[in-house]
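Chain residues, written in single-letter form:
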Amino acid sequence: MIESELVRIKAILGREPTEVEKAIYDVMWSEHCSYKSSFVHIKKLFDPSKNVVEPGEENAGGVLVERDVALLFKMESHNHPSAIEPFNGAATGVGGILRDIFAMGARPMALLDALHFGPLNELKARIHLDGVVRGISRYANCVGIPTVGGETLFHNSYLNNPIINIMAIGICEPDKIIKRKELESGTLVVLAGAKTGRDGLCGASFASSELNDDMKNRLSIQIGDPFFEKLLMEFTLELNEKGIILSAQDLGAGGIASALAELASRASKGVSIELDKVPVREKSLTPGEILLSESQERMAFAVMPGYVDDVRQLARKYGIDAEVIGVLTGDGLFTIKGRTYCRIPINSLIKGKGAPSLVREFRPPSSNVHPNSFSEPLQNPEDFLLRFALNPNVCSKRWIYEQYDQTIGTNTIIPAGDGSALLRVKNKNLYIALSVDSSAFYSVCDPFMGGMASVAMGYRKMIVRGANPVGITDCLNFPSPEEPEKFFFFVRVVDGIKEASQSLGIPVISGNVSFYNESQESSIIPTPVVATVGVMDYLPVLPIVNENDIIVVVGETKSELNGTLYELIIYDELTGVPPMVELEIEKKMGKFISELIAWRLPSYIADISYGGIMKALLDFSFRFGDNPIGVVLDLPAQFPWYVFLFSESQPRYLLTLPESSFDDFSFLAEQNEIPYTICGRVYGDSIIIKDLAVLEKEKLKNSYLSCIYRIMGG
């Protein structure tokens, strides 16, 4: 804790703080809990529309999609823990985001992840990838929640600082959402779930500083138990269904101190806690350790005194501990009963109320980096195209998502590996599309454009699925906010997200900020991640792709290679002005694509983003696995071949059209003044680019499909 904050605490209390009080303030005023550097900026993202039922500045946010259906979703980071202990760090990230959902009274339906690692030729990156994927898959699979989609990117900046973002979505009847509310004094606080131990101590402070080699950081890594999480989830949902609880708060960063302070503050009350009542795993735990432990699978509930026996009876059914550890008071203070003295004005702990909110300096970096100029690759075209398909940022991520149970719960219609995921809602004509998109490679070049791109990518993924985008949640991963030239990127990304979300009409309903993603050796590039949720009331059934279907690129291709995968592969850096996002064109194009889908004209449709047309063709060719769909491509004369194949101009879409549909398509395109390029046909089982290269089936399988399997040893 810095000296100026200690002076401020003394002024708030009117005295010297006790050691326990200092520890509480240290956690609650940490960047991770207080958002002291980011709150002044991110609060402008929350612009509730008529369908937003609960903007999620604490737990999840909700969107009303039908009269009796609300969707609640949020994304969180677990970056620092995953860098130290990849398996447990990622696993407990899953547990924490699931609790954010069922703490709102919603049943979790699905998970998505956004993962960023260093280059896979580095052992450390392979260790991170292996541990994180095993951690996510084990925890999610055991709880019984499908992981249905995600995105994985690789870059040098993530070698010491992997970025692990996990998004969860749940479903609830609107009147069953556990909303913020004022509660009466005398309402009891029940702690339920696992016993409290030493794991996860100082986790919030750990996440609010750069990584170092101090092995004490391992004490900040929580250990999760997914089977216990399942019990706690069912227990919480049954309590809510029976109307037994008034409010709920999961115990994450800051443990009991943070959870009870937030619960009481939302209720406009104080709280008095008896630490002797907290179920513990070790008798030797100090008061500070009990308060700040981040042991997993724990929840706090506000319960009227007459319902405590009902809570205990239900807890016995599920085999978990449930003890009254405190009571809400009318004095607005955070108080500990007994020998440990603690008496803190509760709002002084809470972000947006009394916790520090800083207005940090920011300025554009004074960079001497000159944009790269582009020419034809030095390798012959066929060799380079196979090298491109072998790149971990391009190739299939099957090694990752095949470790996830994608269909448990029987709601998954389209899982990971084919753009956005698609879920059904049982017993209703309602379908949910989900995507997660990182714009890190654009944001390092132009953060405002990168912020807009992260929203536009998700918008396009909803459009190609036939869904109406209804909300987004973000996870903003950045290095230190204390350096003005680094903080500039955060501020401009937020501005870009706000601009795009407002223009495209997609409200930001929840989010997370993760700073200090850096170590003594390196810091990450700016990494905004946006997860988008869309809904539809019917499933568009498109024609089946057949040989001789026409391949069309919809949208204008420009010579935009800066900030792209092509530049990263050629130069191992990202420079210059990234592909431009023009929001009015996005909306116009989105409306046109939606019309094509409504008329069932395309047999296949996907958005074009990272990797350009070439990656979109690879994804199309291997959409059904080991037996590729072949294409014969004609290169337009107005472009060098590498510009046409690798430009990432936006917005663009890759379509295949039956010949019988082409006249209708061209009529609609001309009527709406939509540019398009006819570039080939579906044919055979290889990718043939006329007058340039023939990428045979087996060579493609050995590159695009097998790359990560070979690197990871199977």
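In the block above lies the structure referred to throughout.
What this report covers is the structure whose coordinates are included nearby. Note that the structure is predicted; figures quoted are calculated from it, not measured. (Residues numbered from 1 in each chain as written. Predicted model: local features only at pLDDT ≥ 70, side-chain atom pairs only at ≥ 80, totals over all residues. Heavy atoms only, no water.)

## Comments concerning the overall build of the protein
Short version of the rule: Only DSSP runs of H or I covering at least 4 residues are called helices, and only runs of E covering at least 2 are called strands; the numbering of each starts at the N terminus. Radius of gyration: C-alpha atoms only; globule rule: 2.2 Å multiplied by the number of residues to the exponent 0.38. Here, residues are in contact when the closest pair of their heavy atoms is within 4.5 Å. Here, Shrake-Rupley sampling with a 1.4 Å probe gives the accessible areas, and only protein chains in the shown set may cover a residue. A positive count includes Lys and Arg, and a negative count includes Asp and Glu. His and the chain ends are not counted in either. The atoms used to mark charge sites are NZ of Lys, CZ of Arg, CG of Asp and CD of Glu.
Counting its regular elements, the protein contains 24 helices and 26 strands. A compact globule built from 714 residues would reach a C-alpha radius of gyration of about 27 Å, and the protein, at 26 Å, matches this within 12%. Dimensions of the protein, computed from the C-alpha atoms along their principal axes, are close to 85 × 55 × 45 Å. Taking the intrachain contacts of the protein between residues at least 6 apart in sequence as the baseline, contacts between residues at least 24 apart amount to 84%. About 25,900 Å² of surface is accessible on the protein, with carbon and sulfur atoms providing 49% of the total. The distance from the centre of the 68 positive side-chain charges to the centre of the 89 negative ones in the protein is 6 Å.

## Some remarks on the pattern of salt bridges
If the charged atoms of two oppositely charged side chains come close together, the side chains can form a pair. So the rule is basically this: Whenever a carboxyl oxygen of Asp or Glu lies within 4 Å of a side-chain nitrogen of Lys or Arg, that contact is scored as a salt bridge. Each residue is placed in one exposure class: buried if its accessible area under a 1.4 Å probe, protein chains only, is under 20% of its type's maximum, exposed if it is over 50%, and partly exposed if it falls in between.
A full pass over the atoms with the stated rule returns 38 salt bridges. Two residues, E238 and K242, come together in a salt bridge whose shortest N-O distance is 2.9 Å. The exposed category is assigned to K242, whose relative accessible area is 51%. Here E485 makes a salt bridge to R363, at a shortest N to O gap of 3.9 Å. One end of the pair, E485, is in helix 17 (residues 484–504); the other, R363, is in the loop between strand 13 (343–345) and helix 13 (381–390), with 122 residues separating them in the sequence. Each of K44, R492 and D495 takes part in salt bridges that share partners, so that together they form one network.

## A word on the side chain of N477
Selection criterion: Pairs of N or O atoms within 3.5 Å make up the polar contacts considered here, provided that, within protein, one atom can donate a hydrogen while the other can accept it, and that residues adjacent in sequence are counted only when both atoms are side-chain atoms.
By the secondary structure assignment, N477 is in strand 17 (residues 468–477). A polar side-chain atom of N477 sits 3.1 Å from a polar atom in the side chain of N79. Engagement of the side chain of N477 in a polar contact is seen with the backbone oxygen of C475, the distance being 3.2 Å. In this view, N477 contacts S77, N79, I163, N165, S514, N517, I524, I525, P526, T527 and V529; residues no more than four positions away in its chain are not counted.

## Some thoughts on the nonpolar core
The condition is simple: Among buried residues, those of type Ala, Val, Leu, Ile, Met, Phe, Trp, Tyr and Cys that are joined through side-chain atoms within 4.5 Å constitute a nonpolar core.
With 175 residues, the main nonpolar core has F235, I593 and F646 as its most contacted residues. Ranked by size, the runner-up nonpolar core spans 41 residues in total, among them L191, L251, A267 and F334.

## Some thoughts on helix 1 (residues 3–13)
Structural remark: α-helix, 3.6 residues per turn; residues separated by three or four positions point the same way. Quick reminder of the rule: Comment: arc refers to directions from the helix axis out to C-beta atoms.
Every buried residue of helix 1 is accounted for by E5, L6, I9 and L13. One face of helix 1 carries all of its buried residues, which in axial projection span an arc of 100 degrees. Among the exposed residues of helix 1, those pointing more than 90 degrees away from its buried face are E3 and A11. Each element contacted by the buried residues of helix 1 is listed here: helix 2 (19–28) and strand 13. Of the residues trailing helix 1, G14 is marked for its positive phi of about 75 degrees.

## What about helix 16 (residues 447–465)?
Note the following rule: Here the expected length of a helix is defined as 1.5 Å per residue gap, with one fewer gap than residues.
For helix 16, with 19 residues, the first-to-last C-alpha span of 28 Å sits near the 27 Å given by 1.5 Å per residue. Counted residue by residue, helix 16 has 19 buried out of 19 residues, so it is predominantly covered. Its side-chain oxygen 3.1 Å from the backbone nitrogen of F448, D446 forms the N-cap of helix 16. In the stretch just after helix 16, G466 is the one whose phi turns positive, near 90 degrees.

## Re the packing of aromatic side chains
Filter applied, for reference: We call Phe, Tyr and Trp rings a pair once their centres come within 6.5 Å, taking the six-membered ring for Trp, and we label the pair stacked below 30 degrees between planes, edge-to-face above 60, and tilted otherwise. Lysine NZ or arginine CZ positioned within 6 Å of the ring centre and within 35 degrees of the ring normal marks a charge as sitting over the ring.
Tallying each qualifying case throughout the model produces 28 aromatic pairs. On the basis of an interplanar angle of 25 degrees and a centroid distance of 5.1 Å, the ring pair of F622 and Y704 is categorised as stacked. Here the residue F622 occupies a position in the loop between helix 20 (612–621) and strand 22 (631–633), and Y704 occupies one in helix 23 (residues 697–705), the gap between them amounting to 82 residues. Residue class for Y704 comes out buried when judged on its relative accessible area of 6%. An aromatic cluster of three or more residues is present, and its members are F374, F384, F388, Y566, Y571, W641, Y642 and F646. Here the basic side chain of R8 rests over the ring of W29, its NZ or CZ set 5.3 Å away from the ring centre. For the cation-ring pair, K351 lies above Y35, with the distance from its terminal atom to the ring centre recorded as 4.8 Å.

## Let's talk about the packing of helix 13 against helix 20
Filter applied, for reference: The axes are straight lines fitted to the C-alpha atoms, using for helices just the contacting stretch, and the angles between their N-to-C directions are given from 0 to 180°. Between 65 and 115 degrees an angle is taken as roughly perpendicular, under 35 as roughly parallel, over 145 as roughly antiparallel, and anywhere else as oblique. Handedness of a crossing follows from how the near helix is turned relative to the far one, being left-handed for an anticlockwise turn of less than a right angle and right-handed for a clockwise one. Under the convention adopted here, Pro, Cys and the residues Ala, Val, Leu, Ile, Met, Phe, Trp and Tyr are nonpolar, Asp, Glu, Lys and Arg are charged, and Gly plus all remaining residues are polar.
Direction vectors running N to C along helix 13 and helix 20 enclose 70 degrees, while the axes themselves pass 11 Å from each other. Taken as axis vectors, helix 13 and helix 20 run roughly perpendicular relative to one another. Seen from above, helix 13 lies across helix 20 with right-handed handedness. Listed contacts from helix 20 to L385, F388 and A389 of helix 13 are M614, K615 and L618. Its residues assigned to classes, the contact of helix 13 with helix 20 comprises 5 nonpolar, no polar and 1 charged.

## Some points on the packing of helix 6 (residues 86–102) against helix 9 (residues 226–241)
For any two helices packed against each other, one specifies the crossing angle of their axes together with the interaxial distance. Contact pair helix 6 / helix 9: the axes reach a minimum separation of 10 Å and the direction vectors enclose 10 degrees. The orientation of helix 6 with respect to helix 9, classified from their angle, is roughly parallel. Within the contact between the two elements, helix 6 uses G95, L98, R99 and F102 and helix 9 uses E229, L232, M233, T236 and L237.

## A short note on the sheet that holds strand 24 (residues 676–682)
Strands pair in a sheet through their backbones, by hydrogen bonds, and they do so in one of two ways: parallel or antiparallel. Note the threshold: At least two bridges found by DSSP between two strands are what make those strands a pair.
Taken in spatial order, the 7 strands line up as 21-23-20-24-22-25-26 in an open sheet, and their pairing is mixed. A strand with exactly one partner marks an edge of an open sheet, and here the two such strands are strand 21 (604–607) and strand 26 (693–695). Within this sheet the neighbouring strands show an average axis-to-axis angle of 20 degrees, counted without direction. The pairing of strand 25 (residues 687–689) with strand 26 spans 3 bridges and is antiparallel. When the bridges of strand 26 are listed, I687 appears paired with L695. Against the sheet, helix 16 engages strand 21 and strand 23 (653–657), with an angle of about 170 degrees to strand 21.

## Describing the sheet that holds strand 17
With mixed pairing, the 6 strands of this open sheet are ordered in space as 14-15-16-19-17-18. Looking at the sheet topology across the chains shown, the edges are occupied by strand 14 (412–414) and strand 18 (508–514). If you compare each strand with its neighbour and ignore which way they point, the axes differ by 20 degrees on average. In this structure, strand 17 lies alongside strand 19 (residues 527–536), joined through 9 bridges in antiparallel fashion. From the neighbouring strand, D474 faces strand 19, where its bridge partner is V530. Taken strand by strand, helix 16 contacts strand 14, strand 15 (421–424), strand 16 (431–438), strand 17 and strand 19, and its axis lies near 150 degrees from that of strand 16. Across the sheet, helix 17 lies against strand 17, strand 18 and strand 19, angled at about 175 degrees from strand 17, the strand it touches most.

## Focus on the environment of L188
Along the chain, L188 turns up in strand 7 (residues 188–193). The exposure class assigned to L188 is buried, which follows from its relative accessible area of 18%. Taking C-alpha positions, L188 is 6.0 Å from M304, a pair spaced 116 residues apart along the chain. In this structure L188 touches F301, A302, V303, P305, V308, V324, G326 and V327, once residues within four positions along its chain are discounted.

## Side note on the side chain of S703
Among the secondary structure elements, S703 is positioned in helix 23. At 3.0 Å, the side chain of S703 forms a polar contact with the backbone oxygen of K699. Other than its neighbours up to four places away in sequence, S703 contacts L386, A389, L390 and C395.

## Some thoughts on the pairing of strand 18
Using the following cut-off: Classification remark: right-handed applies to a crossover when, strands pointing away from the viewer, the course from the first strand over the helix to the second runs clockwise.
The buried count for strand 18 comes to 7 of 7 residues, which makes it a mostly enclosed element. Here strand 17 pairs with strand 18 via 6 bridges, running parallel. Within strand 18, the position partnered with T473 by the bridge is S510. For the crossover from strand 17 across helix 17 to strand 18, the handedness is right-handed.

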